[in-house]
Amino acid sequence: MKKTRPPKKQSRAAALIVRCFGYIIALGLSLVFALYMSAPTGWTFFYVLAAALVFSLIVHLMTFISYKKGLIRAEMSFGSTLVYKNEELKLHIRLTNDSLLPISNIKIMLAETDGAVYDTSEFSAAISAKGSTSFDAVIKPTMWGALHIGEAKITISDFMNFISFGVKPLPSSEKVYVFPDIPEISPDCPFIRSAADAMRFSDESEDTKENDSYSMFGGMPGFTHREYAEGDPIKRINWKLSSKKDAYYVRLDDEIEAMQQTVVIDSGGTDRRLCERSVEGSLGVCSALLKLGFESSVWFRTENGFEPHEVNDESGLSELRTALARYEFSSPEKTPRLPVKELCDAEKIGAAMLFTPCADALLKAEMDHAENYGLKFTAIAHDIPDNINGAEFIADDFIK
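All values reported here derive from a predicted model rather than from experimental measurement. (Residues numbered from 1 in each chain as written. Predicted model: local features only at pLDDT ≥ 70, side-chain atom pairs only at ≥ 80, totals over all residues. Heavy atoms only, no water.)

**Quick word on the nonpolar core**
Stage number 1. Judged by nonpolar contacts, the single largest core of 33 residues is most densely connected at F191, V285 and F398.
Stage number 2. Elements with a minimum of two residues in this core: α3 (190-200), β15 (260-265), α7 (272-291), β16 (295-302), α8 (314-325) and β18 (351-355). (Core = buried A, V, L, I, M, F, W, Y, C linked by side-chain atoms within 4.5 Å. Buried < 20%, exposed > 50% of the residue type's maximum accessible area, 1.4 Å probe, protein only. Helix = DSSP H or I, 4+ residues; strand = E, 2+ residues; numbered from the N terminus.)

See the structure below:
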């Protein structure tokens, strides 16, 4: 298998014209040689060149028939299904020829793909009769998420390279996912300190808790609630939430509840770069809070709807990273983007961080609707349109 440098782009029609022109010149020169210099030698060259073209086309036709019968195959597979960004990944391509004819001119060109780079993108090969060959292309993923490999363009040409046909490789049954990075966010960052201070704040009085849970960083870190039960202290009733839900709700001050930050990843997004920033931002925040001794509950959409992932230690952070490698965003218009029902069912009523790649009016409407259920979201986004404003939207400048 020979690796070659990608050639300068040239249309197939132009390349064919150049080859035909060269072939005609060769025939002409041999004819001139036969007529004016040495007839036996010249005519020998002339007949050999003419016969070579006929032979090449006949063999190529037989090779095409063999391919249609399934005797010539191309298969692709990967060396791993989970990789880190900028880690080398091998794309294995195997060509098999079960026909009785050798194949002397095979070219493989790997299509450019978003979020990955190749060490080389073009290869050439020859396969003997009843033989096979293979090669490994090295890919370096540059973006988080599912690695989308463009289709390999595999062509088989005749011996004289006049005509060719394409070979469609069998698609790999494996999917490759790229781990998101965990950005380094300093625990001293004002954003993280604000979250930590809100979680540390003790529930001394009804008024203090009511005000601070919604004023700290736009209502970012909050407290969970449950329905009032006999024996609960009256001072822990959240009167504002109770009036909206027509039932008494009390704030929980259990140590585990009070020391846990609720984080939500928006399910809607189309810009891959911004989606990656939201995923990695949520990981960075969880990592920074862990360093301060705080746990996180990260909610994101799965096949079964929104589900939480508890980050209680470094192992939990690693498991979250693996899960988010397979996370996929959807069109912002197609699905609910906030787990309002799920958070209410889990009695996680209060405030939460929301990482979004798409700060738009639809999200703002869902956030406003969620407040009717006692849920206060603070959206962290990279691009915030001018028509979306308010304390509930903040820039993700703290993510490097």
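**Some words on empty space enclosed by the protein**
Stage number 1. According to the stated counting rule, one finds 5 cavities of 30 Å³ or more in the structure shown.
Stage number 2. Where the lining of the second largest cavity is concerned, the elements lending two or more residues are α2 (39-68), β5 (103-110) and β10 (152-157).
Stage number 3. Taken together, the residues of the lining of the second largest cavity sort by class into 5 nonpolar, 4 polar and 1 charged. (1 Å grid on protein atoms, 1.4 Å probe; cavity = no way out; pocket = protein on both sides within 12 Å on 5 of 7 lines; lining within 4 Å. Points joined across faces, edges and corners; volume = space filled by probe spheres on them. Nonpolar A, V, L, I, M, F, W, Y, C, P; charged D, E, K, R; others polar.)

**Focus: the pattern of salt bridges**
Stage number 1. Considering all chains together, one arrives at 13 salt bridges under this definition.
Stage number 2. With a shortest N-O distance of 3.3 Å, D181 and K85 are connected by a salt bridge. Residue D181 is located in the loop between β12 (177-178) and α3, and its partner K85 is located in the loop between β3 (82-83) and β4 (89-97); the two are separated by 96 residues in the primary sequence.
Stage number 3. On the accessibility criterion, D181 (33% relative accessible area) is partly exposed.
Stage number 4. A relative accessible area of 16% places K85 in the buried class. (Salt bridge = Lys/Arg side-chain N within 4 Å of Asp/Glu carboxyl O.)

**Concerning the packing of aromatic side chains**
Stage number 1. Under the counting rule described, the total for this entry stands at 13 aromatic pairs.
Stage number 2. A centroid spacing of 4.9 Å and a plane angle of 85° characterise the contact between Y327 and F329, whose relative ring orientation is edge-to-face. As far as burial versus exposure is concerned, Y327 and F329 are alike and both buried.
Stage number 3. Through pairs of rings, three or more aromatic residues link up here, namely W144, F300, Y327 and F329. (Phe/Tyr/Trp six-rings, centres within 6.5 Å; stacked < 30°, edge-to-face > 60°.)

**Observations regarding the sheet that holds strand β9 (residues 145-146)**
Stage number 1. Reading across the sheet, the 3 strands line up as β3-β12-β9 and stay open at both edges, with mixed pairing between neighbours. At either end of the open sheet lies a strand with only one pairing partner, and these are β3 and β9. (Pairing = 2+ DSSP bridges.)

**A closer look at helix α10 (residues 361-371)**
Stage number 1. All buried positions along α10 are accounted for by L363, K364, M367 and A370. All buried residues of α10 fall inside an arc of 120° around its axis, so they share one side. (Arc of directions from axis to C-beta.)

**A closer look at the pairing of β5**
Stage number 1. Where β5 meets strand β7 (residues 122-127), 5 bridges bridge the pair, whose relative direction is antiparallel. Along β7, the bridge assignment pairs I108 with F123.
Stage number 2. Bridge analysis of β5 against β10 gives 5 bridges, and the strand direction is antiparallel. Paired with K107 across the strands is T155, a residue of β10.

**Observations concerning the state of the cysteines**
Stage number 1. By the definition in use, this model includes 0 disulfides.
Stage number 2. Distance from the sulfur of C275, which forms no disulfide, to the nearest cysteine sulfur (C358) is 8.4 Å. (Disulfide = S-S within 2.5 Å.)

**What about the sheet that holds strand β20 (residues 393-395)?**
Neighbouring strands of a sheet are bound in pairs by backbone hydrogen bonds; such pairs are parallel or else antiparallel.
Stage number 1. Spatially, 6 strands are ordered β17-β16-β15-β18-β19-β20 in an open sheet, and the strand pairing comes out mixed. Since the sheet does not close on itself, it has two edges, and those belong to β17 (305-311) and β20, each with one partner. Pairwise comparison of adjacent strand axes, ignoring direction, gives a mean angle of 30° for this sheet.
Stage number 2. Judged from the 5 bridges that link them, β18 and strand β19 (residues 376-381) form a sheet pairing that is parallel. (Axes fitted to C-alpha atoms, helices over the stretch in contact; angles between N-to-C directions.)

**Concerning the confidence of the model for the protein**
Stage number 1. Here the protein shows a mean pLDDT of 82. Residues at 70 or above account for 86%.
Stage number 2. The element-level mean pLDDT for the protein is lowest in helix α4 (residues 206-215), coming to 39, with α8 highest at 95.
Stage number 3. The low-confidence segment residues 254-258 (pLDDT under 50) makes 6 contacts with residues lying over four places distant or belonging to another chain. (pLDDT = per-residue confidence, 0-100. Contact = heavy atoms within 4.5 Å.)

**Here we look at the environment of L362**
Stage number 1. The topology assignment puts L362 in helix α10.
Stage number 2. Residue L362 is classed as partly exposed on the basis of its relative accessible area, which comes to 42%.
Stage number 3. Each C-alpha atom of the pair L362 and R337 lies 9.1 Å from the other, and the pair is 25 residues apart in sequence.
Stage number 4. Discounting residues that sit within four places of it in the chain, L362 has contacts with P332, E333 and R337.

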